[in-house]
Amino acid sequence: MCHSDFRLEDTKLRQNINLTIVSLVCQIASRVLVRSSRRHHGRSRRRSAARSVLVFLPGIGTILEIYDKLAQCNMRDFLCLVLLHSSSGIDDQKAALEPPPPGLLKVILSTNIAESSLTVPDVSIVIDTCVCRQIRFNPHMRLPILEDSWISREAADQRKGRTGRVRPGEVFRIVPRNFFLSLPRNIEPEIIRVPLEETILKIIEIRCDPKVLDSCLDAPKPGDVEEAMKSLIDLDITTKIPTGHQLTSLGYLLVKMPVPLRVGIFVLAEEALVIAV
């Protein structure tokens, strides 16, 4: 079973993953309800029921889609839904850390922000889609883009570690075991995956030598730094000076723009044409 069998561009695959998550959360909530009822009547000696479920999803769009489905499912009255992503406020983060109200199962729908940035102490079940959103270079567009991709097994282990901290935990991965074992052990760091021009531009902005990249733990490939620097000079974004390199007027404009380098060049070129006309 290979990656071509599970293409994230496949709409049907994405729909099946989302439906599986909703079904699994409802089953867990039902199990919690039964165990709580048995403990209430003193008929169960099994371990305490789950209180929080952490679901790893790739982005805000998927989080909202799952949220809407859970808010309409037959177990909705027994769920305390919490959303965690890069735009979450302090209140959302506090809700993720606080215990759920009595009789409710807390379900945290999160991006990989909960993989390492935020630790939820009472998670007893992790549901992992094994998908994340990361920057990759698109050779056809010649631009770095943010896209969904399969995570590494190392990242999956990190997600697994979010449970079982204060009570026994379980992990459900929404992929077949054989496919999971075919995932790479590690993912190449971003500095190797994307063009270096933007990174070098920021290094020059703070008046450092771009060759500092050679001393990184995951250093770029030999010759990539020089090639990127030559590209910046050819585009008149940087220029050589006796002490190294500095930004040109165009470079100063581009480094302040919150868009990929080539998009910034296109925007400025269009503005120049409008002014010329």
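Just so it is clear, the model here is predicted, and its values are computed rather than measured.

A. Focus on unusual backbone geometry. We note that Cys-130 has phi near 65 degrees; this positive angle belongs to a residue other than glycine. On the secondary structure map, Cys-130 appears in the loop between β4 (123–128) and β5 (131–138). Even without being a glycine, Asp-236 presents a positive backbone phi close to 60 degrees. Assignment of secondary structure puts Asp-236 in the loop between α9 (224–234) and β8 (238–241).

B. Here's a closer look at the packing of helix α8 (residues 197–205) against α9. Closest axis-to-axis distance for the α8/α9 pair is 9 Å, and the angle between their directions is 75 degrees. Taken together, α8 and α9 sit at an angle that is classed as roughly perpendicular. Touching Glu-197, Ile-200 and Leu-201 of α8 are Val-225, Ala-228, Met-229, Ser-231 and Leu-232, all from α9. Its residues assigned to classes, the contact of α8 with α9 shows six nonpolar, one polar and one charged.

C. Expanded view of the sheet that holds strand β2 (residues 79–84). As summarised here, the arrangement of the five strands in space is β2-β3-β1-β4-β7, forming an open sheet in which the pairing is parallel. Across the chains shown, the open sheet's two edge strands, defined by having one partner strand only, are β2 and β7 (170–173). Taken pair by pair, the neighbouring strands of this sheet meet at an average axis angle of 20 degrees, ignoring direction. The sheet contact formed by β2 and strand β3 (residues 105–110) spans six bridges and is parallel. Directly across from Val-82, in β3, lies its bridge partner Ile-108. Running at roughly 130 degrees to β2, helix α3 (residues 90–97) makes contact with β2 and β3 of the sheet.

The rules we used
- Residues numbered from 1 in each chain as written.
- Predicted model: local features only at pLDDT ≥ 70, side-chain atom pairs only at ≥ 80, totals over all residues.
- Heavy atoms only, no water.
- Helix = DSSP H or I, 4+ residues; strand = E, 2+ residues; numbered from the N terminus.
- Axes fitted to C-alpha atoms, helices over the stretch in contact; angles between N-to-C directions.
- Parallel < 35°, antiparallel > 145°, perpendicular 65-115°, else oblique.
- Contact = heavy atoms within 4.5 Å.
- Nonpolar A, V, L, I, M, F, W, Y, C, P; charged D, E, K, R; others polar.
- Pairing = 2+ DSSP bridges.

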